[in-house]
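Coordinate analysis (summary)
Each chain, letter by letter, is given below.
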Amino acid sequence: MTVASKGSGSRRTVRDVVFVEGVRTPFGKARPDGIYADTRADDLAVKAVRELLRRRPELPVERIDEVALAATTQTGDQGLTLGRSVAVLAGLPKSVPGFAIDRMCAGAMTAVTTTASAIAIGAQDVTLAGGLEHMGHHPMGEGADPNPRFVAEKLVDSTALVMGATAENLHDRFPHLTKERADAYGVASQAKYAKALANGDVTPDLVPIALRDPQQGWGLATADELPRPGTTVEDIAHLKTPFRPGGKVTAGNASPLTDGAAVSLLAAGDVAAELGLPARMRLVSFAYVGVDPEVMGIGPIPSTEKALAQAGLSIEDIGLFEINEAFAVQVLAFLDHFGMPDDDERVNQYGGAIAVGHPLAASGVRLMTQLARQFEQHPEVRYGLTTMCVGLGMGGTVVWENPHHADYSGHTTTDGEN
């Protein structure tokens with residue numbers, strides 16, 4: 001693929017971008033008794049960065065060109081230009097720059113695609129990209145002051161600023177996506193996560209986090225705190241519906257409030273080969289699309305259609321899907337649109353956010369890290385995608401290619417072909 005340099009008429013080759021490694025902290029409950037109640041948000045990201053560097057000793061730290069970190073609520077211990085502050089705290093050379101990103105739930109995804117774009121045009125060679133969210137310290141929307149014109153001028157529906165309410169709206173728009181289907185999906189997510197954990201598919205991506213409790217002293221977080229193994233449909237059938245009396249969205253079919261961080265290492269394909277870094281996935285295409293904010297959960301549908309069109313692929317070409325489970329109905333809407341069954345075996349093989357949690361701006365890299373591991377287990381699958389809905393009415397999708405597939409293209413292409 002080639003692009004024209006602005007104002008020059010010259011052509012520049014776009015380089016392959018590969019996902020080298022991704023790690024995340026165990027995810028914790030965003031509550032006063034959660035595992036990270038006495039842990040700083042930025043320290044979660046620092047530990048993830050240090051673990052990435054420990055795992056990839058062949059990478060000279062001075063080769064890192066950028067650190068991009070996202071948070072939805074950029075204040076307090078998750079403010080102060082996160083990418084730069086975490087780079088300094090993690091001990092990277094002072095020459096390594098960094099910046100912060102906010103695209104709500106797609107923050108880490110945007111950190112990846114933004115720095116990948118810089119790698120693709122040759123402005124950078126190696127980057128760290130991810131996100132964090134300490135919802136226990138900073139609940140979503142803390143300190144925000146939405147412009148009253150949003151509602152006063154009817155620019156958006158009054159429910160658009162409450163994500164759970166937008167999920168109820170999605171149930172209204174698609175009444176065949178019933179609460180029973182949402183509950184069954186939520187239970188399946190718990191079961192798939194429990195199976196993945198037992199099979200050893202979760203722990204390898206986790207960074208142990210030292211904890212200090214003022215009452216109990218030091219500890220170590222080594223496992224996710226939120227999953228509810230053994231959950232049944234009967235267990236969750238009569239949970240409260242906090243967003244609407246008699247509604248359909250409950251704690252059983254939605255992601256819980258979560259603390260955590262996730263960071264990835266990206267590189268140009270030729271640079272990864274030069275340094276001996278593994279190419280676990282190749283970025284094929286990505287897209288972000290806006291939708292009506294009051295039904296923001298449909299965002300992954302048009303963003304996936306756009307990303308697939310850019311790649312010259314169809315939904316049938318995708319062999320593995322990592323879809324963020326902000327709400328079960330959002331995933332069901334995606335599956336329904338593309339003619340896929342609720343229990344499609346290609347979708348969220350390790351379970352999803354309903355089980356493991358959704359620390360907002362961190363979740364995009366969790367999806368990527370899990371897809372990379374699934375690619376290793378499924379060399380017969382050539383393409384996979386990561387996708388998520390985004391607050392205020394957006395969707396984001398990234399299409400990836402599996403280097404383990406026999407037809408892996410893994411080289412720079414021309415004339416817009418992938």
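The rules we used
Residues numbered from 1 in each chain as written. Predicted model: local features only at pLDDT ≥ 70, side-chain atom pairs only at ≥ 80, totals over all residues. Heavy atoms only, no water. Phe/Tyr/Trp six-rings, centres within 6.5 Å; stacked < 30°, edge-to-face > 60°. Helix = DSSP H or I, 4+ residues; strand = E, 2+ residues; numbered from the N terminus. Buried < 20%, exposed > 50% of the residue type's maximum accessible area, 1.4 Å probe, protein only. Lys NZ or Arg CZ within 6 Å of the ring centre and 35° of its normal. UniProt positions renumbered as here; feature names shortened; annotations may be inferred. 1 Å grid on protein atoms, 1.4 Å probe; cavity = no way out; pocket = protein on both sides within 12 Å on 5 of 7 lines; lining within 4 Å. Contact = heavy atoms within 4.5 Å.

1. Brief notes about the packing of aromatic side chains
- Taken as a whole, this structure holds four aromatic pairs when the rule is applied.
- Pairing Phe-321 with Phe-334 gives two aromatic rings, centres 6.2 Å apart and planes at 70 degrees, and the pair type is edge-to-face. Taken together, the residues span a long stretch of sequence, with Phe-321 in strand 12 (residues 318-323) and Phe-334 in helix 10 (residues 328-337) at a distance of 13 residues. Phe-334 matches Phe-321 in its accessibility class, with the two residues each being buried.
- Taking the centre distance of 4.8 Å and the plane angle of 55 degrees together, the rings of Phe-334 and Phe-338 count as tilted.
- Residue classification places Phe-334 among the buried positions, given a relative accessible area of 1%.
- A network of ring pairs unites the aromatic residues Phe-321, Phe-334 and Phe-338 as a single cluster.
- A cation sits over an aromatic face here: Arg-24 above Phe-27, 4.4 Å from the ring centre.
- Against the face of Tyr-288 rests Arg-103, its NZ or CZ located 3.8 Å from the ring centre.

2. So, the UniProt feature "active site" (unreviewed entry) in the protein chain
- Under the UniProt annotation, the feature "active site" (unreviewed entry) is placed at Cys-105, His-358 and Cys-389. Spanning 285 residues, the named residues nonetheless gather at one spot, since no C-alpha pair among them exceeds 12.0 Å. Of the annotated set named above, Cys-105 and His-358 line the largest pocket.
- With respect to the element layout, Cys-105 can be found in the loop between strand 6 (98-101) and helix 3 (107-120).
- By relative accessible area, which is 8% here, Cys-105 ends up buried.
- Judged by relative accessible area, Cys-389 falls into the buried class, the value being 2%.
- Discounting chain neighbours no more than four positions away, the residues touching Cys-389 are Cys-105, Met-296, Gly-297, Pro-300, Ala-326, Gln-330, Met-394 and Gly-395.

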